[in-house]
Amino acid sequence: MVRILKRLRSSPGHEQGSVAAAGRGDAKSLLDEIRHLTERNHVQHDRKIERRLVELRYEAFRNASVPHWQPESPEAVEDLFPGELIPEVARADLTVDRARSAISHHGSLLGRGLVSNEQVERLKADIDRAFDAFDADATGEDTERLAGWYQPFEHRMITKEDRTRKRSRGSILAVESPPALFDLIETLKDVGVGELAYQYLGEKPAILARKVTLRRMAHNFGGGWHQDGAFMGSGIRSLNVWLALTHCGDNAPGLDVVGRRFNELLPTGNGAYAGWGIKPEDAERAGAGLTVRPVFEPGDALIFDHMCLHRTGTDKGMTKGRYAIETWFFAPSTYAAMTTQVAKGYSPRDQVPLVF
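Small disclaimer: the values here were computed from a predicted structure and weren't measured.

Within the protein chain, the secondary structure is distributed over 9 helices and 13 strands. Buried positions account for 55% of the 356 residues belonging to the protein chain. Contacts spanning at least 24 positions in sequence make up 83% of the contacts within the protein chain whose residues lie at least 6 apart. For the protein chain, the accessible area works out to roughly 15700 Å², and carbon and sulfur atoms hold 47% of it.

This is the structure in structure tokens:
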């Protein structure tokens, strides 16, 4: 049985974060250009600048010296939320210690009111423009209003058929909408998520181009149980921020989440919905009595890592769609651990890191 977890009101707070990659000589110049163009784009949005920033983030990671050592992480973490399944905190109370404790003992942390209403509306509008631009590109339509809002990213990326399949399921990669990616990154920095990821991972994080996803999902969409470590590699360090932009979880698809920590990957495939998925009966057995379906309000975010067992939470009685964005951070020092291969021609390294 899935427990329904209702929303608590949150208090505002603010942390400013910024992240850079340590690298060889030209990496520093690329990072300097990223900072300079970001400042210019704040003054006046420019589609050419936003497209250039995407390329710079890709090139900066490629030219960075990825550390071969991993920062130490605490051997023992106190459970700050005893008796809870999915702990909740308000934005003002979101700290790295609380995030680490919740993920270490409960698998995830629910941050209430992480993003302001104004920021939510901006990101929703970005998603609409990105989807409209994708559709216009597919039909050959040329509209000035949508110029620059969809731009295929060709570096080790998916095929046209894969893009079309993702679109049919209500997803577009943020890296393929440069204006949306710009607003997303700046929003996450503004609310302190960049700094949180830095502290949690113990190093300056990167984001994954094939995992940062804009979602505009229909009410009847479903998904299967999985742990992202099954295809990203269990030896990495990661932090996912799943940001709800509309009310969801009761009348619109949300997330089903198991409120416990998994230190190992569950068996995959063998009748699951995907080669890296987990059979429903195996997931239900692992999450017996611990599965929660939070009810999200716009601006709430679920924070978890690649070991969390979850799926899209949907029921036949749902009548509304939902908007959301998921952003995957990971520690560059663990990039070499992204070696799990679950299908022919597929590699976790094809997730394509970008500097944040």
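Moving on, we get to helix α3 (residues 96–106). Residues V96, A99, R100, S101, A102, I103 and H106 constitute the buried set of α3. Where α3 is buried, its residues touch β3 (108–112), α7 (193–201), β7 (238–244), β8 (254–258) and β10 (301–304). In the stretch just after α3, G107 is the one whose phi turns positive, near 90°.

Our next topic: helix α2 (residues 47–63). An ideal rise of 1.5 Å per residue puts 24 Å on 17 residues; α2 measures up with 24 Å between its terminal C-alpha atoms. Along α2, the residues classified as buried are I49, E50, L53, V54, L56, R57, Y58, A60, F61 and N63. The N-capping residue of α2, defined by a side-chain oxygen 2.8 Å from the backbone nitrogen of K48, is D46.

Charged atoms that come close allow side chains of opposite charge to pair. Per the stated rule, a full pass over the model turns up 21 salt bridges. Put simply, R122 and E118 hold a salt bridge, and the shortest N to O gap is 3.5 Å. Of the two residues, R122 and E118 both sit in helix α4 (residues 117–139), 4 residues apart, roughly one turn of that helix. The class of E118 is exposed, set by a relative accessible area of 59%.

Below, the discussion takes up the pairing of β8. Successive residues of a regular strand alternate their side chains across the two faces of the sheet. In terms of burial, β8 is largely enclosed, as 5 of its 5 residues are buried. Sheet analysis places β8 next to strand β11 (residues 310–313), joined by 4 bridges and oriented antiparallel. Bridge pairing in β11 links G254 to G313. Two elements, β8 and strand β9 (residues 291–294), share 2 bridges in a ladder whose sense is antiparallel.

Below, the discussion takes up the packing of α4 against helix α5 (residues 160–168). Interaxial distance between α4 and α5 falls to 12 Å at its minimum, and their mutual angle equals 135°. By the angle class used here, α4 and α5 are oblique. Of the two elements, α4 crosses α5, and the hand of that crossing is left-handed. Across from F131, F134 and D135 in α4, the residues of α5 making contact are R163, T164 and R167. Here the contact of α4 with α5 is composed, by residue class, of 2 nonpolar, 1 polar and 3 charged.

All told, the structure shown has 10 aromatic pairs when counted by the stated rule. Ring geometry for F61 versus Y335: centroids 5.7 Å apart, planes at 85°, classification edge-to-face. Here the residue F61 occupies a position in helix α2, and Y335 occupies one in the loop between β12 (322–330) and β13 (353–355), the gap between them amounting to 274 residues. Comparing F61 with Y335, the two get one shared label, buried. Plain terms: the ring middles of F329 and F356 are 5.0 Å apart, the flat faces sit at 75° to each other, and that makes the pair edge-to-face. Here F329 is found in strand β12, whereas its partner F356 is found in the segment after β13, with 27 residues between them in sequence. On the accessibility criterion, F356 (2% relative accessible area) is buried. Within the aromatic cluster, the residues linked to one another by ring pairs are F61, F330 and Y335. Its guanidinium or amino end placed over the ring of Y323, K124 lies 5.6 Å from that ring's centre, counting from NZ or CZ.

Parameters at a glance
Per-chain numbering applies: the sequence of each chain, read as written, is numbered from 1 onward. In keeping with the model being predicted, local features are shown solely for residues with a pLDDT of at least 70 and side-chain atom pairs are shown and tallied solely at 80 or more, while totals for entire chains, interfaces and linings include all residues. Remark: hydrogens and water are excluded; side-chain values derive from all non-hydrogen atoms of the structure. Helix numbers and strand numbers start at the N terminus; a helix is a DSSP run of H or I with at least 4 residues, a strand a run of E with at least 2. Only protein chains enter the accessibility calculation, which uses a 1.4 Å probe; a residue is then buried when its area is under 20% of its type maximum, exposed when over 50%, and partly exposed in between. Throughout, a contact is declared for two residues whenever any of their heavy atoms are within 4.5 Å. Residue burial considers only the protein chains on display, and all accessible areas are found by Shrake-Rupley using a 1.4 Å probe. One less than the residue count of a helix, multiplied by 1.5 Å, gives the span that helix is expected to have. Pairing of N or O atoms within 3.5 Å defines a polar contact, subject to two protein rules: one partner must be a possible hydrogen donor and the other a possible acceptor, and residues neighboring in sequence count only if both atoms are side-chain atoms. Salt bridge, as applied in this entry: a Lys or Arg side-chain nitrogen positioned within 4 Å of an Asp or Glu carboxyl oxygen. Here a strand pair is declared whenever DSSP counts at least two bridges between the two strands. Axis geometry follows a simple rule: fit a line to the C-alpha atoms, using only the stretch in contact for helices, then measure angles between N-to-C directions, giving values from 0 to 180 degrees. For this classification, under 35 degrees means roughly parallel, over 145 means roughly antiparallel, 65 to 115 means roughly perpendicular, and everything else is oblique. Each helix crossing is assigned a hand: it is left-handed if the near helix lies turned anticlockwise from the far helix by less than a right angle, otherwise right-handed if that turn is clockwise. Note on residue categories: nonpolar means Ala, Val, Leu, Ile, Met, Phe, Trp, Tyr, Cys or Pro, charged means Asp, Glu, Lys or Arg, and polar means any other residue, Gly included. Stacked, edge-to-face and tilted are the three classes for Phe, Tyr and Trp ring pairs, Trp counted by its six-membered ring, which pair at centre distances within 6.5 Å; planes under 30 degrees apart are stacked, over 60 edge-to-face, the rest tilted. Charge over a ring is defined by NZ of Lys or CZ of Arg lying within 6 Å of the ring centre and within 35 degrees of the ring normal.

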